[in-house]
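# Residue-level structural notes
The residues making up each chain are set out below.
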Amino acid sequence: MGAVAVQDETFGDLLRTWRQRRRVSQLDLAIEADVSARHISFLETGRARPSREMVMKLSEELGVPLRHRNRLLMAAGFAPVFPERAVRAPEMQVVREALDKILAGHEPYPALVVDAVWNLVAANSAAAMFMDGVPAELLEEPINVMRLSLHPDAMGGRLVNLPEVRAHLLYQLRRQAEASGDGQLAELHDELAAYTYPGVDLNVAHVPGPADILVPLRVRHGDRILSMFTTIATFGTPVDVTVSELAIETFWPNDEETAAAFQPSPRPS
């Protein structure tokens, strides 16, 4: 499912696609945007042309990602508004400094930064544990964190609770693909869902008990089993496409044994 070329897209088609993706009726969108349902209908059929302000307002009401807001603007005949700078661009220094501080501040536990399709952007030194023993072809740029997590020759082969983690990650990826309309995410989901794990029954999963709060990652690492959970953070109020798509994933120990395993060994006196 590839992206349609911008010149082949009409504003009305794109608006209808995003409205349906968000499961919003023409009437509901009209109420939120303070226009008539008739006007929304005319916009979708091409009988009316939106102003630049209307494109921005409808995009905001539908929660359209910045990258796709630019596409809506161009389809309506306007120049894109939101810039897209490379992470290493000079203008992004303040963002890089913030990311570096977050990653370093999370040591000794792993932390990493990913883009919209889960490609690795940056990581702290503790995240190297996820690369241990991984075949070189999986570490070629761009390194995809979701692929590393479930590939049988990478983390997928070391997860003690693979069925639970796989189910949650695939669900998350599918929902993200549906919400964003990103064909790369849909293709990634299908690739990961097709992985096989000899000797592992993917239909047998632990049923959460009353004491469970979340699904941890239980990973074999050397002679230990490390239990971790993750949190994901994003930048608030971004107006750059790249920044809007960055996510910081931090890993936390789920028990005292795991916390102790990450502590640096004491230096000999």
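In what follows, the accompanying structure is described.

What counts as what
- Residues numbered from 1 in each chain as written.
- Predicted model: local features only at pLDDT ≥ 70, side-chain atom pairs only at ≥ 80, totals over all residues.
- Heavy atoms only, no water.
- Buried < 20%, exposed > 50% of the residue type's maximum accessible area, 1.4 Å probe, protein only.
- Helix = DSSP H or I, 4+ residues; strand = E, 2+ residues; numbered from the N terminus.
- Pairing = 2+ DSSP bridges.
- Lys, Arg positive; Asp, Glu negative; His and termini not counted.
- Salt bridge = Lys/Arg side-chain N within 4 Å of Asp/Glu carboxyl O.
- Polar contact = N/O pair within 3.5 Å; in protein donor to acceptor, adjacent residues only side chain to side chain.
- Contact = heavy atoms within 4.5 Å.
- Phe/Tyr/Trp six-rings, centres within 6.5 Å; stacked < 30°, edge-to-face > 60°.
- Lys NZ or Arg CZ within 6 Å of the ring centre and 35° of its normal.
- Axes fitted to C-alpha atoms, helices over the stretch in contact; angles between N-to-C directions.
- Parallel < 35°, antiparallel > 145°, perpendicular 65-115°, else oblique.
- Left-handed = near helix turned anticlockwise from the far one by under 90°.
- Nonpolar A, V, L, I, M, F, W, Y, C, P; charged D, E, K, R; others polar.
- Core = buried A, V, L, I, M, F, W, Y, C linked by side-chain atoms within 4.5 Å.

On strand S1 (residues 111-114), burial covers both faces: Ala-111 and Val-113 on one face and Leu-112 and Val-114 on the other are all buried. Sheet analysis places S1 next to strand S5 (residues 247-253), joined by four bridges and oriented antiparallel. Note on S5: the bridge partner recorded for Ala-111 is Thr-250. Here S1 folds back onto strand S2 (residues 120-123) in antiparallel fashion, the turn holding five residues, of which Trp-118 has a positive phi close to 70 degrees.

Below, the discussion takes up the side chain of Arg-158. Tracing the backbone through its elements, the reader meets Arg-158 in the loop between helix H7 (145-150) and helix H8 (162-180). Although Arg-158 is buried, it makes no salt bridge; Asp-132 carries the closest opposite charge, 5.5 Å away. A polar side-chain atom of Arg-158 sits 3.3 Å from the main-chain carbonyl oxygen of Met-129. Each residue touching Arg-158, except ones within four places of it in the same chain, is listed here: Met-129, Phe-130, Asp-132, Arg-218, Val-219, Arg-220 and His-221.

Turning to the packing of aromatic side chains, a few remarks are in order. Inspection of the entire model under this criterion finds two aromatic pairs. Ring geometry for Tyr-109 versus Phe-262: centroids 5.6 Å apart, planes at 85 degrees, classification edge-to-face. Highlighted residues: Tyr-109 in the loop between helix H6 (93-105) and S1 and Phe-262 in helix H11 (residues 256-262), separated in sequence by 153 residues. We classify Tyr-109 as buried; its relative accessible area is 15%. What makes Phe-262 buried here is its relative accessible area of 13%. Stacked on the ring of Trp-18, the Lys or Arg Arg-21 has its end atom at 4.5 Å from the ring centre.

Here we take up unusual backbone geometry. Most peptide bonds take the trans configuration, and most residues that are not glycine carry a negative phi. In this chain, Glu-107 is followed by Pro-108 through a cis amide linkage whose omega measures 15 degrees. Its location among the elements puts Pro-108 in the loop between H6 and S1. A cis amide bond links Glu-141 to the next residue, Pro-142, at an omega of -10 degrees. As for its placement among the helices and strands, Pro-142 is situated in the loop between S2 and H7. Despite not being glycine, Arg-23 shows a phi value in the positive range, around 55 degrees. Among the structural elements, Arg-23 can be located in the loop between helix H1 (11-21) and helix H2 (26-33). Residues other than glycine seldom take positive phi values, yet Trp-118 does so here, at roughly 70 degrees. Its location among the elements puts Trp-118 in the loop between S1 and S2.

A separate point is the sheet that holds S1. Strands sit in the order S2-S1-S5-S4-S3 across an open sheet of five strands; the sheet is antiparallel. Among the strands making up the open sheet, the edge pair consists of S2 and strand S3 (217-221). For this sheet, the mean angle separating the axes of adjacent strands, direction not counted, is 30 degrees. In this structure, S3 lies alongside strand S4 (residues 224-233), joined through five bridges in antiparallel fashion. Residue Val-219 lies in a different strand from S4, and its bridge partner there is Leu-226. Sitting on the sheet, H6 is in contact with S1, S2 and S5, with an inclination near 150 degrees to S1.

Now for the packing of H8 against helix H9 (residues 183-193). At a minimum axis separation of 8 Å, H8 and H9 run at an interaxial angle of 160 degrees. By the criterion of interaxial angle, the relationship of H8 to H9 is roughly antiparallel. As H8 packs across H9, the resulting crossing turns out to be left-handed. Across the interface between the two elements, Arg-166, Leu-170, Leu-173, Arg-174, Gln-176, Ala-177 and Ser-180 of H8 pack against Leu-185, Ala-186, Leu-188, His-189, Leu-192 and Ala-193 of H9. The residue inventory of the contact of H8 with H9, partitioned by class, reads eight nonpolar, three polar and two charged.

With that settled, consider the nonpolar core. Considering soluble globular proteins, one finds that nonpolar side chains tend to be buried as a cluster. Ranked by internal contacts, the top residues of the largest apolar core, which has 39 residues, are Leu-112, Phe-130, Met-146, Leu-150, Leu-173, Leu-192 and Met-228. Of all the secondary-structure elements, those providing two or more residues to this core are S1, H7, H8, H9, S3, S4, S5 and H11. The biggest single contributor to this core is H8, with six residues. Apart from residues lying up to four places away in sequence, Leu-192 is in contact with Met-146, Arg-147, Leu-150, Leu-170 and Leu-173. The next biggest cluster of nonpolar side chains, apart from the first, holds 19 residues, and it includes Phe-42, Met-54, Leu-58 and Leu-62.

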